[in-house]
Amino acid sequence: MGKIALTGIELYARHGLHAEEEKLGARFVVDVEMEVAFEGKPDALGSTVDYSAVFRLIQKEVTEQRFYLIEALAEHLAEEIMRNFPEVHELLLRVHKPHAPLPGVVRDVFVQTSRRR
């Protein structure tokens, strides 16, 4: 098994509970680490997960749908990746909301979820 990671995927979207979050939108950051069996396989894209396709899936789901909670967004992304990429045996996914509307200075808020076949 080996690990493929996409970290720091920055996307502009409109997730959140508050009306201004839907109206104004904000920056969200997604990290995904995927366990894939590629050891000893040929030097060909078909022997691993196409991480550009994973990126496009994340980009589409984050920007074209709206969730009130980043927890729901993270769960949705994890399910979609596992459903669309059977090469992924295990994943760890984080959704960051670095500018969450809080009454103080907070560098980052994130949720994390994982899946395993």
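Here, every reference points to the structure presented above.
Residues numbered from 1 in each chain as written. Predicted model: local features only at pLDDT ≥ 70, side-chain atom pairs only at ≥ 80, totals over all residues. Heavy atoms only, no water.

S.K.: What should I look at first to understand the environment of Asp31 in this one?
M.R.: If you trace the backbone, Asp31 turns up in strand β2 (residues 26-36). With 24 residues separating them along the chain, Asp31 and Thr7 place their C-alpha atoms 4.3 Å apart. Leave out the neighbours within four places in its chain, and Asp31 touches Leu6, Thr7, Gly8, Leu92, Leu93, Arg94 and His96. A distance of 2.7 Å separates a polar side-chain atom of Asp31 from the backbone nitrogen of Gly8. Reaching out from Asp31, the side chain makes a polar contact with the side chain of His96 at a distance of 2.7 Å. (Helix = DSSP H or I, 4+ residues; strand = E, 2+ residues; numbered from the N terminus. Contact = heavy atoms within 4.5 Å. Polar contact = N/O pair within 3.5 Å; in protein donor to acceptor, adjacent residues only side chain to side chain.)

S.K.: Just checking my understanding: could you explain the nonpolar core for this structure?
M.R.: Generally speaking, nonpolar side chains in soluble globular proteins are found buried as a group. Core analysis: the biggest nonpolar cluster contains 30 residues, and Met34, Ile58, Ile81, Leu93 and Val95 have the highest contact counts within it. With 7 residues, the top contributor of residues to this core is helix α3 (residues 70-84). The residues touching Ile81, leaving out its near neighbours within four places in the chain, are Val32, Met34, Val54, Leu57, Ile58, Leu91 and Leu93. (Core = buried A, V, L, I, M, F, W, Y, C linked by side-chain atoms within 4.5 Å. Buried < 20%, exposed > 50% of the residue type's maximum accessible area, 1.4 Å probe, protein only.)

S.K.: Looking at this structure, I do not really get α3. What am I missing?
M.R.: Three or four residues apart is the spacing at which side chains of an α-helix point the same way, because the helix has 3.6 residues per turn. The terminal C-alpha atoms of α3 lie 21 Å apart, and with 15 residues this matches the ideal 21 Å at 1.5 Å per residue to within 8%. Buried within α3 are the following residues: Ile70, Leu73, Ala74, His76, Leu77, Ala78, Glu80, Ile81 and Met82. Along its buried surface, α3 packs onto β2, α2 (51-64), β3 (88-96) and β4 (110-116). (Expected span 1.5 Å × (residues − 1).)

S.K.: How do you make sense of the packing of α2 against α3 when you look at a structure like this?
M.R.: When two helices pack together, you describe them by how their axes are tilted relative to each other and by the distance separating the axes. Relative to each other, α2 and α3 sit at 145 degrees, their axes nearing to 10 Å. For the element pair α2 and α3, the recorded crossing hand is right-handed. Here α2 contributes Val54, Leu57, Ile58, Glu61 and Val62 to the contact with α3, which in turn contributes Leu73, His76, Leu77, Glu80, Ile81 and Asn84. (Axes fitted to C-alpha atoms, helices over the stretch in contact; angles between N-to-C directions. Left-handed = near helix turned anticlockwise from the far one by under 90°.)

S.K.: Hey, could you run me through the sheet that holds β4 in this one?
M.R.: In a beta sheet, neighbouring strands pair by backbone hydrogen bonds and run either parallel or antiparallel. Across the sheet, which stays open at both edges, the 4 strands sit in the order β1-β2-β3-β4 with antiparallel pairing between neighbours. The two strands at the open ends of the sheet, each matched to only one other strand, are β1 (2-13) and β4. Along the sheet, successive strands turn relative to each other by an average axial angle of 15 degrees, direction set aside. When β2 meets β3, the two strands line up antiparallel, connected through 8 bridges. (Pairing = 2+ DSSP bridges.)

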